[in-house]
Structures are given as structure tokens and as C-alpha cells.
Amino acid sequence: MLASLTKAFSGVSLCPTTRILNQQTRNTFILKRRTPPKLAKKHEKAPKLRGRHYVYDLIEDTTTKKKPNLEVVLTSFVEGVGSKGDVVSLKPAVAYNKLLLPGLAVYKTPEAVARYAVERDAAAEQEQHSSAYAQRTVNKLEQLTLAVVMNKDHPWVIERWHIGASLRKAGFYVPNEAITLPEAPIEGPDLLKQNKEFFCTVTINNLEQAKLRCRIHHWSTEPSERLPYVFEHWKNQAEPLFGDDSAPVPKQQQQ
């Protein structure tokens, strides 16, 4: 009895090994014989292939071949890519996931190029972007908390070149004429202004404007006269240098 039950349940498996989904892949491997066989003469039997005739060299593998860029037409402004109606060439994965799926672009066809070119000309007067990367620069500047380091031992008045030098230390190269300081002069040294913040305006391509958050830090060449270092000072709340500062409070990051 026990032997018959064992034989009956021996073929039952709780984890079937049958594959539910078999997806076909299209791969091509281009090979070349390392030792080509000799050709048979007319009306003669083909010579027998040897082991050396089955040794191949890989010429090309289409699975690792770099795919060409995909050209699409933008249906709206995309930061860092282009404006509406522009024809851009991007990697297939980027164009598909970032532009085609969200509906920010369509495949390049003569009809799509003509249609969005007309719409771009109609909205040209309302275009508020000087370039595809201008808005990205504005966002980076408005997320920055800029440390303006001034001398603790000698008198000074903050000028545009002070802001430009601090921006260069933070990795931004801005001409002095593109920086607009507050109307009220900022003089020092004054420890009451330590870590207080004010806002400057940075103009990009004579069109876009970014509100730049700045904080004053006093520095001395004498180590004994230096103020205590504040760890990650840009994360702390700071009082405005001018009481009527009404600039927006963007997300802060290190300079």
C-alpha cells in the first residue's frame, strides 16, 4: 500500500519547471572562419571539414553595437535640451524615456517638423528662455548659499568683484557686470553682520535673473583671531542683513 502511494505522488511537483514566458530576442553574430576550407572542384565531392575549419573569429556582435542617435522634435521647452520645434538628436534610451514617453517630443517626420516650426514661430515673441541651459543655471544659483568671506582686521565695502570672486570659489564664473548688489552699501568689519544674509541678482544672457543668497563670514590671517568654525553653516537659519528682505527662500546647499 505504501509503495503504491509513493509511486502515485512521485510525479507531482510543487514547483513546475515549465517556462511560462519565452521571449524572443533578435541577436546577430558575424563570424569569420580562421582557416577557410578549400573549394571543391567541379563535379568533385567536397572535401571533409576538419576541426580547424570550425574555429571562428568574432567580427561583430549586434547586442553590444552602439545604436545611432534618435532624432525627435520637441513639443515644448525642455530644460537643457531645447525649445519647442527644435530637432534634437539624443541617445535612444534618453529620447524615449525622457522625451517621448512624457509627451515632450515626437518622432521626427516632415509633417511634425513643419507643424511645430509654425507653432514655434507663432510663440517666438513669448519665448522667455535665452538658451536651453539658462533655466538650469538659474536653478543652480538659487539653490546656492554663497559664503562671502571678508577681512576681519581691515575695513571694506562689498563690491561686485567680491561676489564674483566668491562665485569662482564655488565653481561659477560670472562677469562683474552681470551682478547687481543691494542698494544699501554693506560695510565692515562688523561682527554684528556675521552670518547674516543678503540677496544679489545675477543676470544671465541679459534676460534671465537669479536671486543669489549670500552670507557674510569674517576671516582673519591670525589664527588666534579667527571665529569658531560652524559645521555646515549653510544648513542653519540666518537673519537677514536688511529687515525687509522678501526674496524667496530656495532649497539651500553647500557653496
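Here the structure is a predicted model, which is why all the values come from computation and not from measurement.

Next up on the list: helix α2 (residues 92-100). All of the buried residues along α2 are Ala95, Leu99 and Leu100. The arc that holds the buried residues of α2, viewed along the axis, is 75 degrees, so those residues lie on one side. Those residues of α2 that are buried lie in contact with β3 (70-74), β4 (87-90) and β5 (105-107).

Turning next to the sheet that holds strand β11 (residues 208-219). Judged by pairing direction, the sheet is mixed, and its four strands sit side by side in the order β6-β11-β10-β8 without closing on themselves. A strand with exactly one partner marks an edge of an open sheet, and here the two such strands are β6 (145-151) and β8 (179-180). Bridging between β8 and strand β10 (residues 197-204) involves two bridges; their strand directions are antiparallel. Bridging across to β10, threonine 180 finds its partner in threonine 201. Sitting on the sheet, helix α4 (residues 134-142) is in contact with β10 and β11, with an inclination near 30 degrees to β11. The sheet strands contacting helix α5 (residues 160-169) are β6, β8, β10 and β11, and the helix crosses β6 at an angle near 120 degrees.

The rules behind the values
- Residues numbered from 1 in each chain as written.
- Predicted model: local features only at pLDDT ≥ 70, side-chain atom pairs only at ≥ 80, totals over all residues.
- Heavy atoms only, no water.
- Buried < 20%, exposed > 50% of the residue type's maximum accessible area, 1.4 Å probe, protein only.
- Helix = DSSP H or I, 4+ residues; strand = E, 2+ residues; numbered from the N terminus.
- Arc of directions from axis to C-beta.
- Contact = heavy atoms within 4.5 Å.
- Pairing = 2+ DSSP bridges.
- Axes fitted to C-alpha atoms, helices over the stretch in contact; angles between N-to-C directions.

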